[in-house]
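Close look at the chain arrangement
Letter by letter, the chains look like this.
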Amino acid sequence: MQKIELMAPAGNFESLQAALDHGADSVYFGVEQLNMRARASMNFTLEDLQEISRRCHANNVKTYLALNTIVYDHDLSIVKTLITKAKEAQISAIIAMDQAVIMAAREAGMEVHISTQINITNIETVKFYALFADTMVLSRELSLRQVKKITEQIEKEKIKGPSGRLVEIEIFGHGALCMAISGKCYMSLHSQNASANRGACKQNCRKKYTVIDQETGFEMELDNEYIMSPKDLCTIDFLDQVADTGIKVLKIEGRGRAPEYVAHVVKCYREAIDSLYNGTYHQSKVKIWMQDLEKVYNRGFWSGYYLGQKLGEWSKGSGSHATQKKVYLGKGIHYYPKPEIGEFKIEAYDLAIGDTLLITGPTTGAKEMVLEEMLVNDRRLESATKGDSVTIKLPFRIRPSDKLYKMVDHKVEK
């Protein structure tokens, strides 16, 4: 059986490196605009494409450029420029939903992947888009049984994309879900003139609302549930059933999330996928992976629609349910390669032996470690505080752009 491709989000170089370090098979990312995270700070520039490609090719990791918003006439020149630059940088494929983008990518000789916004729910639609694309993301609202039927029909009818290979099916495996059908939502446009379908969602659905009877003025608060904000999708506890559907790509959502999120989630799913194929996947491991996934940003977890459930697993709050949070300590100063020692300037809070450290940076990615020893202002001490210079034994290089955090337990209501 072909091993599932693990696809990771990359919102910046920290997250990109975290994905590469923890075993992603492919990464997807946006460049400046015309992607579904256009308003996020987590986007690359045209000038970054060559470096993204270089890093990923060095790690044998595929690269997918998301151009998956609706497109207006005034966007067409930008679309062609982005696709041209992507081809020059040897980006693996374009993720698209607008027919203009699909056509422009095909004309440029770029591989096309169909975005979930197209809302593919049946085999005949797969046949249609097979004229243009080699990989398709199915609608998020399908059950695993429906997904399996589609992959079986692809095999049975030998449905091939432009490459001549059988069409590959991709599904979402982990991360935020939206109340709207496969992401097509107009709430943000209606309330704040910011189109979610242009990557400018204001996330109205993540807020708490009060219902008002317009005849009497009676107000009713909705029983502590954010009724338009679903919990995050998690499939790691039934990944064996996911693999049985015949999908080829499992996508992790989260281009707007922090690099430690990418590191933890990619690491867990990498281990889970590998365990499926070496016969060691077991619920005892699932329990450990779930505990690790809970440490980073999440709104609580559920299985989405995959197991035949109706939408109804709502988050209990507006923010994260992560069991850990990061606290900023300071920044990197210098790395001494021979003794493998990193120097940091503590700018906030305290640091002590036994703390779990997180170091992030555009080249470093997101690396965690437990602090076993350190020098504080050239003296071996048990703790450090604001203003201190700290040196730590590190098996990896740090840079002045790197940031130092400590991870602390965070109590959340579930």
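It should be noted that the structure appears before, not after, this text.
Heads up: these notes are all about the structure in this document.

About the thresholds
Residues numbered from 1 in each chain as written. Predicted model: local features only at pLDDT ≥ 70, side-chain atom pairs only at ≥ 80, totals over all residues. Heavy atoms only, no water. Helix = DSSP H or I, 4+ residues; strand = E, 2+ residues; numbered from the N terminus. Buried < 20%, exposed > 50% of the residue type's maximum accessible area, 1.4 Å probe, protein only. Contact = heavy atoms within 4.5 Å. Areas by Shrake-Rupley, 256 points an atom, 1.4 Å probe, with all protein chains shown as cover. Pairing = 2+ DSSP bridges. Axes fitted to C-alpha atoms, helices over the stretch in contact; angles between N-to-C directions. Phe/Tyr/Trp six-rings, centres within 6.5 Å; stacked < 30°, edge-to-face > 60°. Lys NZ or Arg CZ within 6 Å of the ring centre and 35° of its normal. Expected span 1.5 Å × (residues − 1). Disulfide = S-S within 2.5 Å. Arc of directions from axis to C-beta. Core = buried A, V, L, I, M, F, W, Y, C linked by side-chain atoms within 4.5 Å.

Side note on the overall build of the protein chain
Regarding its fold elements, the protein chain presents 10 helices and 22 strands. Looking at the protein chain as a whole, 52% of its 414 residues are labelled buried. By sequence separation, contacts in the protein chain at least 24 residues apart represent 68% of the contacts at least 6 residues apart. Per element, the accessible surface of the protein chain, about 19400 Å² overall, is 50% carbon and sulfur.

Section: the sheet that holds strand β21 (residues 389-393)
Spatial ordering of the open sheet is given by β17-β16-β22-β13-β14-β21-β18-β19, a layout of 8 strands whose pairing is antiparallel. Looking at which strands have only one partner, the edges of the open sheet turn out to be β17 (365-370) and β19 (379-380). Bridge count for strand β13 (residues 324-336) against strand β14 (residues 341-346) is 6 bridges, and the pairing is antiparallel. Bridged to Y336 within β14 is I341. Across the sheet, helix α1 (residues 13-21) is in contact with β16 (356-361) and β17; its angle to β17 comes to roughly 65°.

Quick word on the pairing of β13
Sheet topology places β13 next to strand β22 (residues 403-409); 7 bridges connect them, and they run antiparallel. By the bridge assignment, V327 is partnered in β22 with K406. Counted between consecutive antiparallel strands, the loop separating β13 from β14 contains 4 residues, among which E340 sits at a positive phi close to 55°.

Regarding the packing of aromatic side chains
Scanning all chains against the criterion turns up 7 aromatic pairs. With a centroid separation of 5.9 Å and an interplanar angle of 90°, the aromatic rings of F29 and F44 are classed as edge-to-face. Here F44 lies in the loop between β2 (26-29) and α2 (49-58) and F29 lies in strand β2, a separation of 15 residues in the sequence. For F29, a relative accessible area of 0% gives the class buried. Three or more aromatic residues link up through ring pairs in this structure, and these residues are F13, F29 and F44. A cation over a ring is seen here: R140 above F172, with NZ or CZ 4.7 Å from the ring centre. Just above the ring of Y405 sits the side chain of K326; from NZ or CZ to the centre is 4.7 Å.

Description of helix α9 (residues 259-278)
Helix length check: α9, at 20 residues, gives a terminal C-alpha distance of 28 Å against a target of 28 Å (1.5 Å per residue), a fit within 8%. Judged by how many residues are buried, α9 sits mostly within the fold: 14 of 20 residues are covered. Two residues or fewer after α9 comes G279, characterised by a positive phi angle close to 80°.

A closer look at the state of the cysteines
For the structure on display, the rule yields 0 disulfides. Not engaged in a disulfide, the cysteine C234 finds its nearest cysteine sulfur in C268; these two sulfurs lie 8.9 Å apart. C268 sits in the buried class, given a relative accessible area of 0%.

Description of helix α6 (residues 144-157)
Compared with an ideal rise of 1.5 Å per residue, which puts 14 residues at 20 Å, α6 spans 20 Å between its outermost C-alpha atoms and is within 8% of the ideal. All buried positions along α6 are accounted for by L144, V147, I150, T151 and I154. Down the axis of α6, the smallest arc covering the buried residues is 125°, so these residues share one side. Seen from the open side of α6, the exposed residues pointing more than 90 degrees away from its buried face are R145, K149 and K156. Buried residues in α6 make contact with α5 (123-129), β7 (168-175) and α8 (239-244).

With respect to the nonpolar core
Among the nonpolar cores identified, the biggest contains 91 residues, and F29, I94 and Y269 are the most heavily contacted of them. The leading source of residues in this core is α9, at 9 residues. Filtering out sequence-adjacent residues up to four positions away, Y269 remains in contact with L6, G173, H174, C234, T235, I236, L239, L250, I252 and L293. By size, the runner-up hydrophobic cluster in this structure holds 18 residues, among which are I359, M374, I392 and L394.

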